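Residues per chain are reported as follows:
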Amino acid sequence: MSGLLAGKRLLVTGVITDASIAFSVAKLAQEAGATVVLTGFGRLSLVERIAKRLPEPAPVIELDVTNQEQLDGLAGKVREHVDGLDGVVHSIGFAPQNALGGAFLDTTWEEVSQALHVSTYSYKSLATACLPLMDQGGSIVGLTFDATKAYPLYDWMGVAKAGLESASRYLAMYLGKHGIRSNIVSAGPLRTMAAKSIPGFSEFEDAWTQRAPLGWNLTDPEPTARAVCALLSDWFPATTGEMVHVDGGYHALAA
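Per chain, the residues get numbers from 1 upward, laid out in the order the sequence is written. Confidence filtering applies because this is a predicted model: local features only for residues at pLDDT of at least 70, side-chain atom pairs given and counted only at 80 or more, and all residues used for totals across whole chains, interfaces and linings. Note that the side-chain values use all heavy atoms of the structure and ignore hydrogens as well as water.

## Topic: the pairing of strand E6 (residues 180-187)
So, point 1. Across the 8 residues of E6, 8 count as buried, placing the element largely inside the fold.
So, point 2. When a residue's accessible area, from a 1.4 Å probe over protein chains only, is under 20% of the maximum for its type it is buried; when over 50% it is exposed; and in between it is partly exposed. The secondary structure listing takes helices from DSSP runs of H or I that are at least 4 residues long and strands from runs of E that are at least 2 residues long, numbered from the N terminus. Burial along E6 is two-sided: the face carrying Ile 180, Ser 182, Ile 184 and Ser 186 and the face carrying Arg 181, Asn 183, Val 185 and Ala 187 are both buried.
So, point 3. Only strands joined by at least two bridges in the DSSP assignment are considered to pair. Here strand E5 (residues 138-144) pairs with E6 via 7 bridges, running parallel. Within E6, the residue paired with Gly 142 across the bridge is Ile 184.
So, point 4. The parallel pair E5 and E6 is bridged by helix H6 (residues 155-175), and the resulting crossover is right-handed.
So, point 5. As paired elements, E6 and strand E7 (residues 243-246) share 4 bridges and run parallel to each other. Within the sheet, the bridge partner assigned to Ile 184 lies in E7 and is Met 243. Viewed with both strands pointing away, a crossover whose connecting path from the first strand over the helix to the second turns clockwise is right-handed.

Structure below.
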């Protein structure tokens with residue numbers, strides 16, 4: 001992938017540990033020639049420590065995607081490190097515990113609205129916050145777990161991901177005039193910190209490892225990160241509103 005992203009300036013959200021998809025994206029992007037800026041939420045010192053494990057230590061900007069003040073100030077914070085952006089990676093999701101695990105019929109609107117705000121609406125919020133930095137066009141890529149089907153225990157996070165996938169298509173429509181593409185990568189299950197919060201995650205693991213035509217490695221985020229980097233590159237100049245599956249082919253099988 002050497003040179004694939006040469007000269008690109010990227011904002012990558014969602015780095016929590018070095019096992020996260022976002023970390024793998026940042027690592028591969030740097031190795032492909034990009035300059036990377038990260039955002040972090042909560043334990044910022046942890047993200048800063050993880051950022052030092054990249055090939056080139058990356059700056060970290062605090063960002064709570066539900067905080068409009070921080071969103072309004074994001075462009076200015078990014079400009080302290082780069083003079084613009086060519087790509088943005090949305091790797092953000094959260095749902096309260098009662099929104100997962102089989103309590104679908106009992107989940108309150110307050111719990112659902114939090115999941116939708118963080119996991120769905122934030123895609124639009126992040127895109128519009130970064131728009132002033134993307135006057136030369138570019139690419140926005142989000143991450144999902146294919147929400148065209150219902151999965152046991154995934155519940156309202158599945159609904160939120162369905163909204164994310166739809167939001168990407170609408171962003172593709174509205175941002176096309178700015179030369180900005182919006183695409184989604186649908187990854188198979190990976191043993192990330194986010195996955196640990198999903199009750200019954202082992203059910204996903206068993207299905208993929210046993211049935212994916214190409215097989216599936218639960219601990220390797222690199223195939224997913226490669227797809228993200230490809231969509232951030234200039235090799236997909238006319239692709240937008242798309243969802244690319246990186247799941248070993250599992251999605252193509254009948255139930």
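After that view, the rundown keeps rolling.
## Overview of helix H5 (residues 109-130)
So, point 1. The length a helix should cover is 1.5 Å for every residue beyond the first. Between the first and last C-alpha of H5 there are 29 Å, a value that for 22 residues agrees with the 32 Å anticipated at 1.5 Å per step.
So, point 2. Given a residue, its bend is the angle between the two axes fitted to the seven residues that end at it and to the seven that start from it. Along H5, the helix axis deviates most sharply at Ser 122, where the bend reaches about 55°.
So, point 3. Three or more residues of H5 are buried, namely Val 112, Ala 115, Val 118, Ser 119, Thr 120, Ser 122, Tyr 123, Ser 125, Leu 126, Ala 127, Ala 129 and Cys 130.

## Side note on the nonpolar core
So, point 1. In plain words, nonpolar cores are sets of buried Ala, Val, Leu, Ile, Met, Phe, Trp, Tyr and Cys residues tied together by side-chain atoms within 4.5 Å. Formed by 53 residues in total, the largest nonpolar core has its most connected members in Leu 5, Val 12, Val 25, Leu 38, Val 185 and Val 228.
So, point 2. It is helix H1 (residues 21-31) that provides the largest number of residues to this core, a total of 7 residues.
So, point 3. Whether two residues are in contact is decided by their heavy atoms, any of which lying within 4.5 Å being enough. Here Val 25 is in contact with Val 12, Val 89, Ala 225, Val 228 and Cys 229, once residues within four sequence places are set aside.
So, point 4. Counting residues in each nonpolar core, the second largest holds 28 residues, with Leu 74, Ala 75, Leu 133 and Ile 180 among its members.

## Observations regarding the UniProt feature "binding site: NAD(+)" (unreviewed entry) in the protein chain
So, point 1. UniProt positions are given in the numbering used here, feature names are shortened, and annotations may be inferred rather than shown by experiment. The feature "binding site: NAD(+)" (unreviewed entry), as annotated in UniProt, sits at Gly 14, Ser 20, Ile 21, Asp 64, Val 65, Ile 92 and Lys 161 in this numbering.
So, point 2. Its location among the elements puts Gly 14 in the loop between strand E1 (9-12) and H1.
So, point 3. Aside from chain neighbours lying at most four places away, what touches Gly 14 is Ser 20, Ala 22, Thr 39 and Ser 91.
So, point 4. On the secondary structure map, Val 65 appears in the loop between strand E3 (60-62) and helix H3 (68-72).
So, point 5. Filtering out sequence-adjacent residues up to four positions away, Val 65 remains in contact with Leu 71, Ile 92, His 117, Val 118 and Ser 122.

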